[in-house]
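An overview of the molecular structure
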Amino acid sequence: MGELAALISAMEAALTTILMRSQAGKFKVWEMSAVMGLFLSLFYLIVTIASGQVDDLWHASGTAIAIGLTSGAFGFVFGNSTYIKALQYAGVSKAFPVSRGAYVIFTLAVGLLVFDEAITPITAIGVLLAFVGMFALTRTEQVNGAAAGTSSRVKLGLVLAVAQGMVATLVTISIRILLDEMSVIPLNALRMPVGAFAMLAIAYVTPGGFKIMRNGRRSLAILAFIGFIGMGTGSLLFVYAVSEAGVAKTAILSTTSPLFALPLTALFLKEKVTLRILAGTIVTVLGIALIVL
């Protein structure tokens, strides 16, 4: 069951990314992140109470609380907003695997430099493959002298995708530190609300304010689904998979999410999935899988 949970989590990550891209541009980035974050916070609040882990929050040290709050705000303000713009500018077929690859490579680098983790020949090959795949994905195509502005927009999106991978690495480090004091569920119940309210505050003070019904009930329902189901149950399934199938298997199976995203991208977003994008995604995913072995 652990392996199945990991695959479902990977599928949910792909679907969530597709849905986020479908709403990017309809809302301000801050609005999107705030609404998704509020429903994700509600999910973890319910799960924390239902699982009887509220006491973990009361017994946490002041330092742990401070790190958790900072991590939540930092992740939402810089991570979510950057990722949404990356999807909007570069498209899912490029930004999604590049972001995943950058995250794994940055996390590996921190593990080597900060936590003295060893690197094996298999890991080195994985890094090389991930770089090759990401290089293929980051090469922009200009057909019949397409406007330079289009190419620049895609490149900016890819830069943002790499930046999001770096932010995710920093958030992961903070979570790793905090797991000594509390489990993942109450930790996210602490982190998510502060991130959501930070985005809500930014949305209110930026031009146009915060208009939750800006694009009607359907769009609001999609954002609610992303936060509560996509991000909420997806992350919970990932935690369950780790406990049942182990870290290595879960990590490898979760890397398949960009592959699940490709057909959905072509079908629902009408993005052009070229042979190079397909090959680059496969090579990147293979590299990530070798890194996490």
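Preceding block: the structure.
Quantities reported herein were computed from a predicted structural model and do not represent experimental measurements. (Residues numbered from 1 in each chain as written. Predicted model: local features only at pLDDT ≥ 70, side-chain atom pairs only at ≥ 80, totals over all residues. Heavy atoms only, no water.)

**Things to note about the overall build of the protein chain**
Condition: Secondary structure elements are taken from DSSP: a helix is a run of H or I of four residues or more, a strand is a run of E of two residues or more, and numbering for both begins at the N terminus. Between the two quantities, the radius of gyration covers C-alpha atoms and the globule rule is 2.2 Å times the number of residues to the power 0.38. Relative accessibility under 20% of the residue-type maximum defines a buried residue, over 50% an exposed one, and the middle range a partly exposed one, all with a 1.4 Å probe and only protein chains included.
Scanning the protein chain for helices and strands turns up 12 helices and 0 strands. When the helices and strands of the protein chain are listed from N to C terminus, the series reads α-α-α-α-α-α-α-α-α-α-α-α. The C-alpha radius of gyration computed for the protein chain amounts to 19 Å, which stays within 12% of the reference 19 Å derived for 293 residues, consistent with globular compactness. With respect to the principal axes defined by its C-alpha atoms, the protein chain has extents near 60 × 50 × 35 Å. When burial is assessed residue by residue, the protein chain has 47% of its 293 residues classed as buried.

**Thoughts on the packing of helix α2 (residues 29-50) against helix α9 (residues 216-245)**
To keep it simple, the criterion reads: Simply put, an axis is a line fit to the C-alpha atoms, just over the touching stretch for a helix, and the angle between two N-to-C directions goes from 0 to 180 degrees. Oblique is the label for any angle not under 35 degrees, not over 145, and not in the 65 to 115 range, which are roughly parallel, roughly antiparallel and roughly perpendicular in turn. Helix crossings get a hand from a simple test, with the near helix turned counterclockwise from the far one by less than a right angle marking a left-handed crossing and a clockwise turn marking a right-handed one. Any two residues whose heavy atoms approach within 4.5 Å are treated as being in contact. All amino acids are sorted into three groups, where Ala, Val, Leu, Ile, Met, Phe, Trp, Tyr, Cys and Pro are nonpolar, Asp, Glu, Lys and Arg are charged, and the leftover types, Gly among them, are polar.
Put simply, α2 and α9 touch, their axes get as near as 8 Å, and they point 45° apart. As the angle between them shows, α2 and α9 are arranged oblique. Considering only the axes of α2 and α9, their crossing is right-handed. Contacts from Met32, Val35, Met36, Phe39, Leu40, Leu42, Phe43, Tyr44, Ile46 and Val47 of α2 reach α9 at Leu220, Leu223, Ala224, Ile226, Gly227, Phe228, Met231, Gly232, Thr233, Ser235 and Leu236. The residue makeup of the contact of α2 with α9, split by class, is 17 nonpolar, 4 polar and no charged.

**Quick look at the packing of aromatic side chains**
Our working definition: When two rings of Phe, Tyr or Trp (its six-membered ring) have centres within 6.5 Å they constitute a pair, described as stacked for plane angles under 30 degrees, edge-to-face for angles over 60, and tilted for the intermediate range.
Tallying each qualifying case throughout the model produces 4 aromatic pairs. Between the aromatic rings of Phe43 and Tyr44, the centroid separation amounts to 5.3 Å while the plane-to-plane angle is 90°, which identifies the pairing as edge-to-face. Accessibility assignment for this pair places Phe43 and Tyr44 in one class, buried. One aromatic cluster in this structure is built from Phe43, Tyr44 and Phe228.

**Things to note about unusual backbone geometry**
The backbone of Lys270 shows a phi angle near 60°, a positive value even though the residue is not glycine. Following the sequence through the fold, Lys270 ends up in the loop between α11 (257-269) and α12 (275-292). Looking at Lys270, the relative accessible area reads 64%, which means it is exposed.

**Some remarks on the environment of Thr233**
Residue placement: Thr233 occurs in helix α9. We classify Thr233 as partly exposed; its relative accessible area is 22%. As for Thr233 and Thr138, which are separated by 95 residues in sequence, their C-alpha atoms are 31 Å apart. Once you skip the residues sitting within four places of it in the chain, Thr233 turns out to touch Glu12, Phe43 and Phe228.

**Things to note about helix α1 (residues 2-23)**
Structurally, the α-helix is built with 3.6 residues per turn, so residues lying three or four positions apart point the same way. The condition that has to hold: A helix is expected to span 1.5 Å for every residue after the first.
Helix length check: α1, at 22 residues, gives a terminal C-alpha distance of 32 Å against a target of 32 Å (1.5 Å per residue), a fit within 8%. Two residues or fewer past α1, Gly25 is found with a positive phi of approximately 100°.

**Let's talk about the side chain of Ser257**
Tracing the backbone through its elements, the reader meets Ser257 in helix α11. When residues no more than four places from it in sequence are discounted, the contact partners of Ser257 are Ala10, Ala13, Ala14, Phe96 and Arg100.

**What about the nonpolar core?**
Which entries qualify depends on this criterion: Within this scheme, the nonpolar core is defined by two criteria: the residues are buried Ala, Val, Leu, Ile, Met, Phe, Trp, Tyr or Cys, and they are joined through side-chain atoms within 4.5 Å.
Of all hydrophobic cores here, the largest spans 53 residues; its most connected members are Met20, Met36, Tyr44, Ile84, Leu223, Ile226 and Ile291. Considering each element in turn, this core owes the most residues, 9 residues, to α2. In contact with Ile291, not counting residues within four places along its chain, are Val104, Ile105, Leu108, Thr123, Gly126, Val127 and Ala130. Ala64, Leu178, Met182 and Leu187 belong to the second largest nonpolar core, which has 5 residues in total.

Take it as geometry only, folks, not as evidence of what the structure does.
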